[in-house]
Amino acid sequence: MDTSLLDISGAPDERVFKANDYKGPAARWCPGCGDFSILATTRRFLESEQLVPEKTLFVSGIGCSARFPHYLKTYGFHGIHGRALPLALGAKMRRPDLNVFVVMGDGDCTSIGAGHWIHGVRYNTNLTVLLLDNNIYGLTKKQTSPTTPVKYVTNTQPQGSYLNPLHPIAVTLGVANASFVAQTADWIPAHLLATMKAAQKHKGLSFIRILQRCPKWTVDIMDAKVKTPDEMMILNHENGITDAKVQKMYKNQMEHDPSDLDAARALTDMTSHIPLGLFYKNEDIPTYDELRRGKDFTTEEKMANIEIEFDRFAV
Ligand SMILES: Cc1ncc(C[n+]2csc(CCOP(=O)(O)OP(=O)(O)O)c2C)c(N)n1
Ligand code: SF4
Ligand SMILES: [Mg+2]
């Protein structure tokens with residue numbers, strides 16, 4: 001580790017970070033991939049919040065989207081498929097001072113990582129989850145994922161996907177302790193940026209589903225949405241996510257109070273439009289860290305307990 005990056009002096013940090021200061025090596029995604037837009041917006045977000053690079057950690061699993069941490073000059077952990085959340089929870093529990101972000105694809109989060117997704121939401125640890133949802137396993141070349149639309153032709157189900165997709169927002173809203181649940185789109189960077197800023201302010205796990213273009217495998221799914229802005233329904237509320245530019249650009253808007261869980265759940269059934277904005281927020285749910293605080297054993301107590309266990313097996 002480059003220890004010159006660690007400030008242990010306690011002196012105020014006078015550095016000013018520009019979006020380009022967070023720029024890592026050139027990203028290797030297909031031309032037109034929505035991940036580029038999410039990466040560029042993330043750098044703008046890091047600048048706007050002035051997040052200190054060595055205090056910021058991006059954790060991912062496996063997939064095209066999981067390459068994200070490589071392309072940022074912060075700390076990063078490119079983990080294993082479906083396991084980004086437990087890795088991130090471990091890091092955050094040990095180092096609560098870090099800004100922790102989790103980047104997952106729809107396969108990573110809603111398929112192999114589904115158990116961790118549910119319990120990660122329930123733990124409500126203070127971090128931000130970005131679900132980059134392109135409705136397909138991108139890296140492994142067009143395999144059906146749990147968010148692939150029914151009847152959609154893929155390389156694993158060439159006669160069309162058999163099952164109705166799951167709705168990541170509906171599932172998250174069904175988990176105990178869900179405290180911040182939002183939906184946005186990679187091609188509306190102003191909305192994505194406003195969403196990330198709102199998530200950063202939230203105490204607890206912020207879950208953001210980002211509709212993501214994959215021009216290689218699901219071009220028809222997202223292109224239709226990009227070209228039909230009238231399909232979008234912007235959710236407005238004084239406690240929600242607001243951006244004046246977005247409000248000017250999109251004609252369909254509705255008021256939605258993000259403290260209303262039943263209304264948030266009802267929105268996931270909307271078929272006429274795709275709602276974008278803050279579905280639900282609850283600041284009163286304690287984080288796992290808060291619940292645990294003061295209940296931990298000290299190092300000495302842990303050592304003593306281990307000795308007691310060893311003694312039980314002594315022959
Ligand atoms: C344990 C394990 N199972 C399967 C794979 C193969 N694999 C790698 S990425 C991936 C799916 C990626 O899809 P998604 O999470 O949606 O990310 P995307 O590539 O679309 O961004 C799969 C099945 C793996 N790497 N490890
Ligand atoms: S396969 Fe799709 S998700 Fe993967 S890099 Fe290409 S466009 Fe992006
Ligand atoms: Mg995917």
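In what follows, the structure referred to is the one given above.
Keep in mind that this is a model prediction, so the values were computed, not measured.

What counts, and where the lines are drawn
- Residues numbered from 1 in each chain as written.
- Chains lettered and ligands numbered in written order.
- Predicted model: local features only at pLDDT ≥ 70, side-chain atom pairs only at ≥ 80, totals over all residues.
- Heavy atoms only, no water.
- Phe/Tyr/Trp six-rings, centres within 6.5 Å; stacked < 30°, edge-to-face > 60°.
- Helix = DSSP H or I, 4+ residues; strand = E, 2+ residues; numbered from the N terminus.
- Buried < 20%, exposed > 50% of the residue type's maximum accessible area, 1.4 Å probe, protein only.
- Lys NZ or Arg CZ within 6 Å of the ring centre and 35° of its normal.
- Axes fitted to C-alpha atoms, helices over the stretch in contact; angles between N-to-C directions.
- Parallel < 35°, antiparallel > 145°, perpendicular 65-115°, else oblique.
- Left-handed = near helix turned anticlockwise from the far one by under 90°.
- Contact = heavy atoms within 4.5 Å.
- Nonpolar A, V, L, I, M, F, W, Y, C, P; charged D, E, K, R; others polar.
- Donors = N, O, S within 2.8 Å, 3.2 Å for Na, K, Ca; no water.

## Some remarks on the packing of aromatic side chains
Here comes step 1: All chains considered together, the criterion is met by 9 aromatic pairs.
Here comes step 2: Arranged with centres 5.0 Å apart and planes meeting at 85°, the rings of Trp-29 and Tyr-71 form a pair that is edge-to-face. Residue Trp-29 is found in the segment before helix 1 (34-49), and its partner Tyr-71 is found in the loop between strand 1 (56-60) and strand 2 (75-78); the two are separated by 42 residues along the sequence.
Here comes step 3: The exposure class of Trp-29 is buried, given its relative accessible area of 9%.
Here comes step 4: An aromatic cluster of three or more residues is present, and its members are Trp-29, Phe-36, Phe-45, Phe-58, Phe-68, Tyr-71 and Phe-101.
Here comes step 5: Above the plane of the ring of Trp-217 lies Lys-216, whose end atom (NZ or CZ) is 5.4 Å from the centre.

## Side note on the packing of helix 1 against helix 6 (residues 189-201)
Here comes step 1: Orientation of helix 1 relative to helix 6, taken along the N-to-C sense of each, is 45°, at an axis distance of 9 Å. With respect to helix 6, the element helix 1 is oriented oblique. For the pair helix 1 and helix 6, the sense of crossing is right-handed. Taking contact as the criterion, the partners of Ile-38, Thr-41, Thr-42, Arg-44, Phe-45, Ser-48 and Glu-49 in helix 1 are, on helix 6, Pro-189, Leu-192, Leu-193, Met-196, Lys-197 and Gln-200.
Here comes step 2: Of the residues belonging to the contact of helix 1 with helix 6, the class tally is 6 nonpolar, 4 polar and 3 charged.

## Let's talk about the coordination of the magnesium ion (ligand 3)
Here comes step 1: Protein coordination at the magnesium ion (ligand 3) comes from Asp-106 (OD), Asn-134 (OD1) and Ile-136 (O), with a distance range of 2.1 Å.
Here comes step 2: Mapped onto the polypeptide sequence, the residues donating to the magnesium ion (ligand 3) form the spacing pattern D-x27-N-x1-I. Linking Asp-106 in helix 3 (residues 106-112) with Ile-136 in the loop between strand 4 (128-133) and helix 5 (168-173), this pair joins segments that are 30 residues apart in sequence. Assigned by exposure class, Asp-106 and Ile-136 land together as buried.

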